[in-house]
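# Summary of structural features
Single-letter residue listing:
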Amino acid sequence: MLALHDLTWEPNEDWRQEAACADAPTELFFPMEEDPSGSRLAKEICAACPVREACLQFALSTNQSEGVWGGMDADDRRRLRRRIRDRRRRLAS
Ligand code: SF4
């Protein structure tokens, strides 16, 4: 389960050493908009990645606006941010 209540990121990138995408083509993770199949392949790699949570946490906390991180593309992350923001508002009220 992702620890999405906390979007702060500790400046530690050790997780990158275990990235399942280390030898994958960068274009898979940063596909051209008209090539959605690239995003799908990247997400399949992410699904088996042992550092998926850290990767997603990094992308959210550093506002990565493009590419697939932690199994989520930019639209997925926008939706997730919205859900987190809504949940925080509910908890604060
Ligand atoms: S979650 Fe995906 S993008 Fe992140 S390190 Fe793993 S394979 Fe790479």
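First, a word on scope: everything that follows refers to the structure included in this document. (Residues numbered from 1 in each chain as written. Predicted model: local features only at pLDDT ≥ 70, side-chain atom pairs only at ≥ 80, totals over all residues. Heavy atoms only, no water.)

### Side note on a positive patch on the surface
Quick reminder of the rule: What goes into a patch is any residue over 30% in relative accessible area without a salt bridge, connected to like charges within 9 Å or, for nonpolar side chains (Val, Leu, Ile, Met, Phe, Trp, Tyr), within 5 Å. Note on areas: Shrake-Rupley with a 1.4 Å probe; residue coverage comes only from the protein chains shown. Any carboxyl oxygen of Asp or Glu within 4 Å of a side-chain nitrogen of Lys or Arg constitutes a salt bridge here. Only four residue types enter the tally: Lys and Arg on the positive side, Asp and Glu on the negative side; His and the chain ends are excluded. In this description, the location of a charge corresponds to atom NZ of lysine, CZ of arginine, CG of aspartate or CD of glutamate. Numbered from the N terminus, helices here are DSSP runs of H or I no shorter than four residues, and strands are runs of E no shorter than two. Categorising residues by exposure relies on relative accessible area from a 1.4 Å probe, with only protein chains included: less than 20% of the type maximum marks a residue as buried, more than 50% marks it as exposed, and the intermediate range marks it as partly exposed.
A grouping of Arg83, Arg87, Arg88 and Arg90 is seen on the molecular surface, where their side chains present a positively charged patch. Tracing the chain through its elements places Arg90 in helix H4 (residues 74–92). The exposure class assigned to Arg90 is exposed, which follows from its relative accessible area of 57%.

### Some words on helix H3 (residues 52–61)
Convention followed: Contacts are assigned to residue pairs that have any heavy atoms within 4.5 Å of one another.
For H3, the full list of buried residues reads Cys55, Leu56, Gln57, Phe58, Ala59 and Leu60. Its buried side turned inward, H3 meets H4. The first or second residue beyond H3 is Asn63, which carries a positive phi of 55 degrees.

### Things to note about the pattern of salt bridges
Using the criterion set out here, one finds 6 salt bridges in the structure. Where Lys43 meets Asp73, a salt bridge forms, and the shortest distance between an N and an O atom there is 3.2 Å. In this pair, Lys43 sits in helix H2 (residues 36–47) while Asp73 sits in the loop between H3 and H4, placing the two residues 30 residues apart along the sequence. By relative accessible area, Lys43 is classed as partly exposed at 25%. Taking the shortest distance from any N to any O, the salt bridge between Asp86 and Arg89 comes out at 3.9 Å.

Keep in mind these values describe shape, not function.
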